[in-house]
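The primary structure of each chain is shown beneath.
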Amino acid sequence: MILPNQTFGLGDCIFTQTLVHEIAKGEQVIWPVFTAIVKGLNRAYPHIKFVDCYKEPIIDTNKRGEYYWNGYRVLPLRFAQEILRKPYKECMRNKYDLYNMDWNRWKDKAMYQRDYEREERLHNALVPKEDGLFVPYNLINNTFRSDFKGKLQLHPNNGLHNVYMGIQDGYSLFDWSYLIEHATEIHTASTSIIYLFELLDLDMPIHIYPRAPIEPTLEAIDYILTKRNYILHQ
């Protein structure tokens, strides 16, 4: 039985799906994460049991190294960078490097189960119509961090309607997929949404901005980005 020690960072959870799947080899996986992302992850990846890290299971999330807890093999994914003594800019790929896996394979098992009806409801609630047609829009994500306290000021002035992402009761990040796919332009802080960009088929301009002052550049994720339509604001 497998228990990943990666409680925060929705993007980290998406990025390491393939890694955890390969290590588990069909064994049960219980994955404690922050309260706010439990429901969304369980809908997106139903083969894994995501639980509230503040309720169960109770493990020492600050304990480094691999160990066993109540029969579960605890994977120290959040400490991969420190264990390998690598620079911060390699923090994502280090999770795979720790287990000698090719990080370029991260997409193999990362695609999530979509709820298209839920996605369209969210889209239709946020995008206005003119003459019976949905207006072209910028999709804008100003926030980052698992507690949503990180904030950028992104207000593109290109004549398009602006749809700002935020907490919507009953919806998760994954439920923004239809809005992502139908945006005319996207402007976002460097955060977990970038992994959805990589998994979806997109061709609109996607502007990505560093989440300053935490990360003043994009060097921690720019090597992961493969689409030609990215516009990186370093």
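The text that follows walks through the structure, step by step, so that each part is easy to find. (Residues numbered from 1 in each chain as written. Predicted model: local features only at pLDDT ≥ 70, side-chain atom pairs only at ≥ 80, totals over all residues. Heavy atoms only, no water.)

1. As for the overall build of the chain
Each helix and strand counted, the chain has eight helices and 14 strands in total. For the C-alpha atoms alone, the extent of the chain along its principal axes is close to 60 × 35 × 30 Å. In the chain, which comprises 234 residues, the share counted as buried stands at 52%. Residue pairs at least 24 apart in sequence account for 61% of intrachain contacts in the chain once pairs closer than 6 positions are excluded. Counting every atom, the chain has about 11,800 Å² of accessible surface; 48% of that belongs to carbon and sulfur. Charged side chains in the chain number 27 positive and 29 negative. The centres of these two groups are separated by 6 Å. (Helix = DSSP H or I, 4+ residues; strand = E, 2+ residues; numbered from the N terminus. Buried < 20%, exposed > 50% of the residue type's maximum accessible area, 1.4 Å probe, protein only. Contact = heavy atoms within 4.5 Å. Areas by Shrake-Rupley, 256 points an atom, 1.4 Å probe, with all protein chains shown as cover. Lys, Arg positive; Asp, Glu negative; His and termini not counted. Charge placed at Lys NZ, Arg CZ, Asp CG, Glu CD.)

2. With respect to the sheet that holds strand 1 (residues 2-4)
Spatial strand order, 1-5-4: three strands in an open sheet with mixed pairing. This sheet does not close on itself; its edge strands, each paired only once, are strand 1 and strand 4 (67-69). Between one strand and the next, the sheet's axes are offset by a mean angle of 35°, whatever the strand orientation. The pairing of strand 4 with strand 5 (residues 72-75) spans three bridges and is antiparallel. Bridged to tryptophan 69 within strand 5 is tyrosine 72. Taken strand by strand, helix 2 (residues 17-24) contacts strand 1 and strand 5, and its axis lies near 155° from that of strand 1. (Pairing = 2+ DSSP bridges. Axes fitted to C-alpha atoms, helices over the stretch in contact; angles between N-to-C directions.)

3. Focus on the pattern of salt bridges
All chains considered together, the criterion is met by 12 salt bridges. For the salt bridge of arginine 105 with aspartate 108, the shortest nitrogen-to-oxygen distance reads 2.9 Å. In this structure arginine 105 comes out as partly exposed when scored by relative accessible area, which is 30%. The class for aspartate 108 is partly exposed, based on a relative accessible area of 48%. If you follow the salt bridges from partner to partner, you end up with Arg43, Asp115, Arg118 and Asp175 in one network. (Salt bridge = Lys/Arg side-chain N within 4 Å of Asp/Glu carboxyl O.)

4. A look at helix 6 (residues 116-126)
Taken as a whole, helix 6 has its buried residues at Arg118, Glu119, Leu122 and His123. For helix 6, the buried positions fall inside an angular range of 135° around the axis, keeping them on one side. Opposite its buried face, helix 6 presents the exposed residues Glu117 and Ala125, each directed more than 90 degrees away. (Arc of directions from axis to C-beta.)

Everything listed is a geometric property; what it means functionally is a separate question.
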